[in-house]
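Survey of secondary and tertiary structure
The residues making up each chain are set out below.
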Amino acid sequence: GAGVSQSPRYKVAKRGQDVALRCDPISGHVSLFWYQQALGQGPEFLTYFQNEAQLDKSGLPSDRFFAERPEGSVSTLKIQRTQQEDSAVYLCASSGGGRLFFGSGTQLSVL
Amino acid sequence: AQSVTQPDIHITVSEGASLELRCNYSYGATPYLFWYVQSPGQGLQLLLKYFSGDTLVQGIKGFEAEFKRSQSSFNLRKPSVHWSDAAEYFCAVGEVNTNAGKSTFGDGTTLTVKP
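Values in this document were obtained by computation on a predicted structure and should not be read as measured data. (Residues numbered from 1 in each chain as written. Chains lettered and ligands numbered in written order. Predicted model: local features only at pLDDT ≥ 70, side-chain atom pairs only at ≥ 80, totals over all residues. Heavy atoms only, no water.)

1. Quick notes on the pattern of salt bridges
When the charged atoms of two side chains with opposite charge come close together, those side chains can pair. Residue and element names in this part refer to chain B. Basically, it comes down to this: A carboxyl oxygen of Asp or Glu within 4 Å of a side-chain nitrogen of Lys or Arg is what we treat as a salt bridge. The helix and strand labels rest on DSSP assignments: H or I over at least four residues marks a helix, E over at least two residues marks a strand, and numbering proceeds from the N terminus. Between buried and exposed lies partly exposed: a residue is buried under 20% and exposed over 50% of the maximum accessible area for its type, with that area taken using a 1.4 Å probe on protein chains only.
For the structure shown, the criterion picks out nine salt bridges over all chains. Linking E64 and R77 is a salt bridge whose minimum nitrogen-to-oxygen distance equals 3.2 Å. Highlighted residues: E64 in strand 8 (residues 64-68) and R77 in strand 9 (residues 73-78), separated in sequence by 13 residues. Given the relative accessible area of 23%, R77 is considered partly exposed. The partner of D85 in a salt bridge is K78, with the nearest N and O atoms 2.8 Å apart. Relative accessible area serves as the criterion here: at 3%, D85 is assigned to the buried category. Judged by relative accessible area, K78 falls into the buried class, the value being 10%.

So this is what it looks like as structure tokens:
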């Protein structure tokens with residue numbers, strides 16, 4: 001597609017449930033980034049891939065968060081045993097030409 | 001570690017008036033600087049970026065920003081605001097070794113435009 005695509009657009013999870021969020025980057029973009037945006041705040045970096053290699057995961061809040069990009073294109077962010085503080089918008093971006101292209105995000109609500 | 005401060009949480013301007021949104025950053029080297037706009041329920045759209053060279057940068061939708069190293073600032077300006085400019089604006093500093101993809105964002109400024 002022409003832009004970065006994320007699915008689902010909205011996800012409601014019960015506390016303790018596992019969730020998986022998908023990101024389709026712009027075709028040909030080598031680098032892919034995940035950000036977390038809490039309500040009323042700016043996005044915060046979670047993790048970064050170059051092709052299939054996860055080069056930086058310093059922003060992942062806990063070991064319940066896991067990201068993968070096995071074939072260097074589509075990426076999945078997985079959150080295990082979700083907790084209320086995980087409620088946020090999760091943004092994916094791919095980069096090209098020295099800039100980021102963001103998807104519309106997945107809004108996760110943990111009840 | 002780098003940081004970004006946007007001192008104004010909320011700004012209200014009248015349509016047709018000029019606009020300046022403030023951004024101060026902390027970064028150990030020459031920064032890559034960005035301004036993004038976010039409308040409700042949308043991802044972030046890049047308005048403009050500064051990597052090097054001319055310190056006055058022109059962007060889309062009539063926006064410009066000026067990099068002032070001595071003040072560690074990168075303020076966003078627009079001479080005449082339109083009602084469609086109402087949105088959330090984020091300033092960000094990007095890490096050079098990730099081609100600016102790993103960025104630190106400010107907490108944003110919400111712009112309201114009065115008719």
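2. Focus: the nonpolar core
The tendency in soluble globular proteins is for nonpolar side chains to be buried as a group. What counts is decided by this rule: Only buried residues count toward a nonpolar core. Its members are Ala, Val, Leu, Ile, Met, Phe, Trp, Tyr and Cys residues joined through side-chain atoms within 4.5 Å.
L19(B), W35(B), L47(B), L48(B), F74(B), L76(B) and Y89(B) are the most contacted members of the largest nonpolar core, which totals 26 residues. Of the residues forming this core, the biggest block, four residues, is contributed by strand 10 (residues 87-94) of chain B. By size, the runner-up hydrophobic cluster in this structure holds 20 residues, among which are C23(A), A67(A), L77(A) and C92(A).

3. What to know about the environment of E20(B)
All names here are of chain B. So the rule is basically this: Here, two residues are considered to be in contact whenever any of their heavy atoms come within 4.5 Å of each other. Contacts described as polar in this section are N or O atom pairs within 3.5 Å, which, within protein, must combine one atom able to donate a hydrogen with one able to accept it, while residues neighboring in sequence count only if both atoms come from side chains.
Within the secondary structure, E20 sits in strand 3 (residues 19-21). A relative accessible area of 40% means that E20 is categorised as partly exposed. Among residues more than four places away in sequence, those in contact with E20 are I11, N75, L76 and R77. In terms of polar contacts, E20 uses its side chain to reach the side chain of N75, at 3.4 Å.

4. Comments concerning the sheet that holds strand 1 (residues 5-7) of chain A
Residues and elements named next belong to chain A. Convention followed: Strands qualify as paired when DSSP identifies two bridges or more between them. In this description, a line fitted to the C-alpha atoms serves as the axis of each element, helices being fitted only across the stretch in contact, and the angle between N-to-C directions of two axes falls anywhere from 0 to 180 degrees.
Across the sheet, four strands lie side by side as 1-3-8-7; this open sheet has antiparallel pairing. Edge positions in the open sheet fall to strand 1 and strand 7 (65-68), since each of these has one partner strand only. The average undirected angle you get between the axes of adjacent strands in this sheet is 15 degrees. Sheet analysis places strand 3 (residues 19-24) next to strand 8 (residues 75-79), joined by five bridges and oriented antiparallel. Bridge pairing links A20 to K78 in strand 8.

5. A short note on the environment of T98(B)
Along the chain, T98(B) turns up in the loop between strand 10 and strand 11 (103-105). Expressed as a C-alpha distance, the spacing of T98(B) and H10(B), which sit 88 residues apart in the sequence, is 31 Å. Leave out the neighbours within four places in its chain, and T98(B) touches F33(A) and Y48(A).

6. A look at the interface of chain A and chain B
Applied cut-off: Summed over both partners, the accessible area (1.4 Å probe) lost when two parts come together is defined as the buried area. When residues are grouped by polarity, Ala, Val, Leu, Ile, Met, Phe, Trp, Tyr, Cys and Pro land in nonpolar, Asp, Glu, Lys and Arg in charged, and all others, Gly among them, in polar.
Contacts between the two partners involve 20 residues from chain A, matched on the other side by 20 residues from chain B. Both sides together, the interface formed by chain A and chain B hides about 1600 Å², and carbon and sulfur atoms give 51% of it. At the surface where chain A touches chain B, the tally comes to one salt bridge. The closest approach of N and O atoms between K102(B) and D56(A), which form a salt bridge, is 2.7 Å. In this assembly, chain A and chain B are joined by seven residue pairs in polar contact (both at pLDDT 80 or more). Breaking the side of chain A that touches chain B down by element, the ones donating at least two residues are strand 4 (31-37), strand 5 (44-50) and strand 10 (99-102) of chain A. Its residues placed into classes, the side of chain A that touches chain B shows eight nonpolar, nine polar and three charged.

7. Describing unusual backbone geometry
Residues and elements named next belong to chain A. A cis amide bond links S7 with the next residue in sequence, P8, at an omega value of -5 degrees. Tracing the backbone shows P8 in the loop between strand 1 and strand 2 (10-13). In this model, N51 sits at a positive phi of 55 degrees, which is unusual for a non-glycine residue. With respect to the secondary-structure elements, N51 resides in the loop between strand 5 and strand 6 (53-56).

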